[in-house]
Amino acid sequence: MGTFGTAALSSMEEQLPWFRRMPADQRSWIGLVAQAGIAAFVEWFKSSERTRPAIAGEVFGTAPRELLRSIKLQHTIDMVRVIIDVVETRLDELAAPGGEAQLREAILRYTRDVAFGAAQVYARAAETRAAWDARLEALVVNAVLRGEVDDGMHSWAAALGWTSKPVTVIAGFTPEDEEPEVTIDQMQLAARRARADVLAGVQGRRVIVIVGGETDPLEAARPIAAKCGPGPVVVGPQVGDLYDSTRSAQAAVAGLRAAAGWPDAPRPVLATELLPERALDGDDDARRHLVDGVYNPMLAAGAPLLDTLTTYLEQGSSLEATARLLFVHPNTVRYRLRRVTELTGLAPTDGRNAFTLRIALVLGRFERR
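Keep in mind that this is a model prediction, so the values were computed, not measured.

Peer 1: Can you tell me about the pairing of strand β2 (residues 197-203), naming the residues and giving the values?
Peer 2: The sheet contact formed by β2 and strand β3 (residues 206-212) spans 7 bridges and is antiparallel. When the bridges of β3 are listed, Ala-200 appears paired with Val-209.

Quick look at the structure:
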């Protein structure tokens, strides 16, 4: 067996470039695997059908676990092929007189079993790695939601192959009667087709997806939304990198909770478009955004602007009624409403924007009382 093992190693060094590049200790382990494979074949050939040992345990059990991470499945196939070639070329040294054909047929059957044994070993390793990756991915998503975005979490993300910037966090619901693993696999497949990176986690019925590499948040969300179950899909604001992702995640989750207040919201919908519902639902960030970004700029522009907007909203968006109550020309009302749009980005003449402005006015008055 030692002679055959040495011959197999020499042949591998001659034919396989990847083998020549390996460290000496790993080549030594492969030599032991080769010898174990040849010895296992002899035992297998001598045994009856019912007592033949399992190939994977006899051959691959010799190698340490670290070797599996160093050798790809294709390399294992190449190695087995070389070993079998060595055995076949020296068949006359193994076979009894007149038994060459029987031994050659046995080698073919044994090779088939070795191939299945190798597939089982790598399949188990892949399943273990997939399960570990899923747990690590869930840890990253939970850390982002809790705001524990530190170097340790970045190491976890790097272990999953995460390199992308910028980042958008999306929140939705899982499809009914579908396993969480299937949902995440579908989302990752959709993201790969869109050339974006994805980290996803399922929490009950809620699914949180971190998308990196897409510059348009809504474009990043569309393939994800297609894989979500019924209900809203909320897109958090885009941030520069994973360190800032908690802000996007918190906005997306708050928007998902508050989306019931806007049944006709588009799908997906930006979390910033749900600011009034989020504020009514108790989201302090949304309240602060409406006060600082909507109310305070109008307050700084002067009382007439706030009075005009308040009267316009209370009069059912009627220019003429607003002008009569304020004793100004309708064109003055139009000018002031345009100023509101310039300062806040919200047009009072739009129903949805008018609702947001009304909530901002109420919250701003609360701040000043």
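Next comes the rest of the write-up.
Peer 1: So, the nonpolar core: which residues are in play, and what are the values?
Peer 2: Core analysis: the largest hydrophobic core is formed by 29 residues, its most contacted members being Met-153, Trp-162, Ile-208, Ile-210 and Leu-242. Elements with a contribution of two residues or more to this core: α8 (100-146), α9 (151-159), β1 (167-173), β3 and α12 (245-258). For Ile-210, the residues in contact, after removing those within four places along its chain, are Val-141, Val-144, Trp-162, Val-167, Thr-168, Val-169, Asp-197, Val-198, Leu-199 and Leu-242.

Peer 1: Explain the packing of aromatic side chains to me, using residue names and the numbers behind them.
Peer 2: In the structure shown here, the tally under the stated rule is 0 aromatic pairs. If you follow Arg-352 out to its NZ or CZ, it ends over the ring of Trp-262, 3.6 Å from the centre.

Peer 1: Give me the sheet that holds β3: which residues, what numbers.
Peer 2: Across the sheet, which stays open at both edges, the 5 strands sit in the order β2-β3-β1-β4-β5 with mixed pairing between neighbours. What marks the edges here is a single partner per strand, and that holds for β2 and β5 (269-270). Its contacts with the sheet put α12 on β1, β3 and β4 (234-235), and the angle it makes with β1 is roughly 25 degrees.

Peer 1: I'd like to hear about helix α3 (residues 24-46), residue by residue, with values.
Peer 2: Owing to its 3.6 residues per turn, the α-helix aligns residues three or four sequence positions apart on the same side. Relative to the 33 Å expected for 23 residues at 1.5 Å per residue, α3 spans 33 Å between its end C-alpha atoms, a close match to the ideal helical length. Listing the buried residues of α3 in full gives Ile-30, Gly-31, Val-33, Ala-34, Ala-36, Gly-37, Ile-38, Ala-40, Phe-41 and Trp-44.

Peer 1: With reference to specific residues and values, describe unusual backbone geometry.
Peer 2: Between Arg-267 and the following residue, Pro-268, the backbone shows a cis peptide bond with an omega angle of 0 degrees. Position of Pro-268 relative to the elements: it lies in the loop between α12 and β5. Here Phe-327, not a glycine, exhibits a phi torsion of approximately 55 degrees, which is positive. Note that Phe-327 resides in the loop between α16 (319-326) and α17 (330-344).

About the criteria used
- Residues numbered from 1 in each chain as written.
- Predicted model: local features only at pLDDT ≥ 70, side-chain atom pairs only at ≥ 80, totals over all residues.
- Heavy atoms only, no water.
- Pairing = 2+ DSSP bridges.
- Helix = DSSP H or I, 4+ residues; strand = E, 2+ residues; numbered from the N terminus.
- Core = buried A, V, L, I, M, F, W, Y, C linked by side-chain atoms within 4.5 Å.
- Buried < 20%, exposed > 50% of the residue type's maximum accessible area, 1.4 Å probe, protein only.
- Contact = heavy atoms within 4.5 Å.
- Phe/Tyr/Trp six-rings, centres within 6.5 Å; stacked < 30°, edge-to-face > 60°.
- Lys NZ or Arg CZ within 6 Å of the ring centre and 35° of its normal.
- Axes fitted to C-alpha atoms, helices over the stretch in contact; angles between N-to-C directions.
- Expected span 1.5 Å × (residues − 1).

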